[in-house]
Amino acid sequence: MQRWRGLEEIPGDWGRSVVTIGSFDGVHRGHQLIIGRAVDRARELGLLSVVVTFDPHPREVIRPGSHPALLAPQARRAELIEGLGVDAVLVLPFTPELSQESPETFVQQVLVDALHARTVIEGPNFRFGHRAAGDVALLTELGRAAGFDVEVVDLQVRGTAGAGEPFSSTLTRRLVEAGDVAGAGEVLGRPHRVEGVVVRGAQRGRELGYPTANVETVPHSAIPADGVYAGWLTADGERMPAAISVGTNPTFDGTARTVEAYAIDRVGLDLYGLHVAVDFLAYLRGMEKFDSIEALLDRMADDVKQARELTDAA
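Remember, it's a predicted structure, so these values are computed and weren't measured experimentally.

Analysis parameters
- Residues numbered from 1 in each chain as written.
- Predicted model: local features only at pLDDT ≥ 70, side-chain atom pairs only at ≥ 80, totals over all residues.
- Heavy atoms only, no water.
- Pairing = 2+ DSSP bridges.
- Helix = DSSP H or I, 4+ residues; strand = E, 2+ residues; numbered from the N terminus.
- Axes fitted to C-alpha atoms, helices over the stretch in contact; angles between N-to-C directions.
- Contact = heavy atoms within 4.5 Å.
- Core = buried A, V, L, I, M, F, W, Y, C linked by side-chain atoms within 4.5 Å.
- Buried < 20%, exposed > 50% of the residue type's maximum accessible area, 1.4 Å probe, protein only.
- 1 Å grid on protein atoms, 1.4 Å probe; cavity = no way out; pocket = protein on both sides within 12 Å on 5 of 7 lines; lining within 4 Å.
- Points joined across faces, edges and corners; volume = space filled by probe spheres on them.
- Nonpolar A, V, L, I, M, F, W, Y, C, P; charged D, E, K, R; others polar.
- Domains from an automatic or database assignment.

A closer look at the sheet that holds strand S6 (residues 149–152)
The sheet built from 6 strands is open, its strands ordered S1-S4-S3-S2-S5-S6 with parallel pairing. Each having just a single partner strand, strand S1 (2–5) and S6 make up the two edges of the open sheet. Put simply, the sheet's adjacent strands are angled 25° from each other on average, direction ignored. In terms of strand pairing, strand S2 (residues 17–21) meets strand S3 (residues 48–55) through 5 bridges, oriented parallel. Within S3, the residue paired with Ser 17 across the bridge is Leu 48. Helix H3 (residues 74–82) contacts S1, S3 and strand S4 (88–93) of the sheet and is inclined by roughly 160° relative to S3.

What follows is the structure, given as structure tokens:
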């Protein structure tokens, strides 16, 4: 898959293509429908498919300080999109200047002049241009004049997550924030993931016999609610069952909120400085303050046992 940052990186000989545009945070199952349809339509027409997305998130530029919790960093998002069979991803730096562009200018510069769109695939609520003035109806009108057609994909995917609420990035963030990582996984179609570099912590886990990877997460990451979870730790391409702790370590009067993952039954791991991924499968319990180290160790043994059983079953 080709990856471009900015219009200037698009090859000069790029031909006609099928395009879809959006933030696509998390690449959840609704997003997968849109992107999958773009890939299928491109193959039907004998063309290439392009996903256009933005960095940073538009909300941070339009209303500084309002950056939403991200379900996937940019590199992970591109990886997920590539897995859907897309031919190219165009990341547009979202600047104040871009936010001021009219819908007509955006369509002309991006869809017509740069990507030579033949078909554009979007959801029914797609908005674009300054103050989100453009919608699917305007896009269709502009496309008719410019020589591309617009296809609208129904995104009303539902399940048990959120009591049957339509799948969306907003719903997924809410589920993650509440600790419902199983529900978030249903929306995403895979476990929710947090990434970052392993840094040195207080090393209490090592002293207690449960050495953990203390993950310094990517900025703006959607971190699950404080508690203990079952999941996986992936480092150097190896995926290991893990018991995961999110919180401040109240037994030791901690104040800094951390994400720590214990790779079950693994001995002698040295992960310091590595970029790792933590996948959350299931919520086990809330964060507790124990009266003694012995009580903490008993509960940790139970946590590891549950995490081992759940990941084995998964």
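Now that the structure has been shown, we can carry on.
Observations concerning the sheet that holds strand S12 (residues 275–285)
Strands sit in the order S7-S8-S11-S10-S9-S12 around a closed barrel of 6 strands; the barrel is antiparallel. Each strand axis lies, on average, 45° off the axis of its neighbour in the sheet, ignoring direction. Looking at chain direction, strand S7 (residues 192–199) and strand S8 (residues 213–217) are connected through 4 bridges and run antiparallel. Looking at S8, one finds that Val 198 is bridged to Val 215. Of the strands in this sheet, strand S9 (227–235), strand S10 (238–247), strand S11 (258–263) and S12 are in contact with helix H10 (residues 293–313), which crosses S12 at around 105°.

So, the nonpolar core
By size, the foremost hydrophobic cluster in this structure holds 29 residues, and its most contacted members are Val 50, Leu 90, Leu 111, Leu 115 and Leu 139. Every element with two or more residues in this core is listed here: S2, S3, S4, helix H5 (103–114), strand S5 (117–122) and helix H6 (136–146). With 5 residues, the single largest contributor to this core is H5. Once you skip the residues sitting within four places of it in the chain, Leu 139 turns out to touch Val 107, Leu 111, Val 120, Glu 122, Phe 126, Phe 128, Phe 148 and Val 150. One finds Ile 223, Ala 225, Ala 261 and Leu 271 within the second-largest nonpolar core, a separate group that totals 21 residues.

Observations concerning empty space enclosed by the protein
All chains considered together, the criterion is met by 1 cavity of 30 Å³ or more. Counted as a void, the largest cavity has a volume near 100 Å³. Mapped onto the lining of the largest cavity, the elements with two or more residues apiece are H3 and S7. The leading source of residues in the lining of the largest cavity is S7, at 4 residues. A class-by-class count of the residues in the lining of the largest cavity yields 10 nonpolar, 2 polar and 4 charged. Summarising the domain contributions, the lining of the largest cavity has at least three residues from each of domain 1 (2–155) and domain 2 (192–313).

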